[in-house]
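# Secondary and tertiary structure notes
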Amino acid sequence: MAWFFLGIAIVFEIAFALGTNATNGFTKLWPSVFTLLAAAGGIFTLSLALRTLDVGVGYTIWTGVGAIGTVILGALVYHEKITLPKVASFAAIIAGAVLLKVAAGA
């Protein structure tokens, strides 16, 4: 169940990051409300996942996969470029998350 909650937390994290861009410095009401609710939802569901996951593993995967999702959806929604250095960074994040999971199981 912890991995399910972590997956939901990641979706909230991506929504929070993309929503923050839409708030225009928290000057737009509804994007700001959406962003704050996404942040709260992400932290809440992350806390549920961390009941059983190690905090180092759970938090790293939450932020890492959230960052990757944000870059991908940022490219789709805000027409940001995905460059080769960004792809290399994705690979490093994924490798780091996998190694953390392996180390936690050791």
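Okay, so let's go over this structure. Throughout, residues of each chain are indexed from 1 in the direction in which the sequence is written. Residue-level local features of this predicted model are given only where pLDDT is at least 70; pairs of side-chain atoms are given and counted only at 80 or more, and the full residue set underlies all totals for whole chains, interfaces and linings. To obtain the side-chain values, all non-hydrogen atoms of the structure were used and water was disregarded.

### Here's the deal with the packing of helix 3 (residues 55-78) against helix 4 (residues 84-105)
The axes used here are C-alpha line fits, helices contributing only the stretch in contact, and every angle between their N-to-C directions lies in the interval 0 to 180 degrees. Secondary structure elements are taken from DSSP: a helix is a run of H or I of four residues or more, a strand is a run of E of two residues or more, and numbering for both begins at the N terminus. Contact geometry of helix 3 with helix 4 gives a least axis separation of 10 Å together with a crossing angle of 160 degrees. Judged by the angle between their axes, helix 3 and helix 4 are roughly antiparallel. The chirality of how helix 3 crosses helix 4 is left-handed. Of the residues in helix 4, those touching helix 3 at Gly-56, Val-57, Thr-60, Ile-61, Gly-64, Ile-68, Val-71 and Ile-72 are Lys-86, Phe-90, Ile-93, Ile-94, Ala-97, Leu-100, Lys-101 and Ala-104. Angle categories are assigned with fixed cut-offs, so that under 35 degrees is roughly parallel, over 145 is roughly antiparallel, 65 to 115 is roughly perpendicular, and the rest are oblique. Rotating anticlockwise by less than a right angle from the far helix to the near helix defines a left-handed crossing, while the corresponding clockwise rotation defines a right-handed one. We call two residues in contact when some of their heavy atoms are within 4.5 Å.

### Some points on the packing of helix 1 (residues 2-22) against helix 2 (residues 29-49)
At a closest axis distance of 7 Å, the pairing of helix 1 and helix 2 adopts a crossing angle of 155 degrees. The angle between helix 1 and helix 2 places the two elements in the roughly antiparallel class. With respect to the hand of their crossing, helix 1 and helix 2 are arranged in left-handed fashion. Of helix 2, the residues touching helix 1 (which contributes Ala-2, Phe-5, Leu-6, Ile-8, Ala-9, Phe-12, Ala-15, Phe-16, Gly-19, Thr-20 and Ala-22) are Pro-31, Phe-34, Thr-35, Ala-38, Ala-39, Gly-41, Gly-42, Thr-45, Leu-46, Leu-48 and Ala-49. Only Asp, Glu, Lys and Arg are considered charged, only Ala, Val, Leu, Ile, Met, Phe, Trp, Tyr, Cys and Pro nonpolar, and every remaining residue, Gly among them, polar. Of the residues contributing to the contact of helix 1 with helix 2, the split by class is 16 nonpolar, six polar and no charged.

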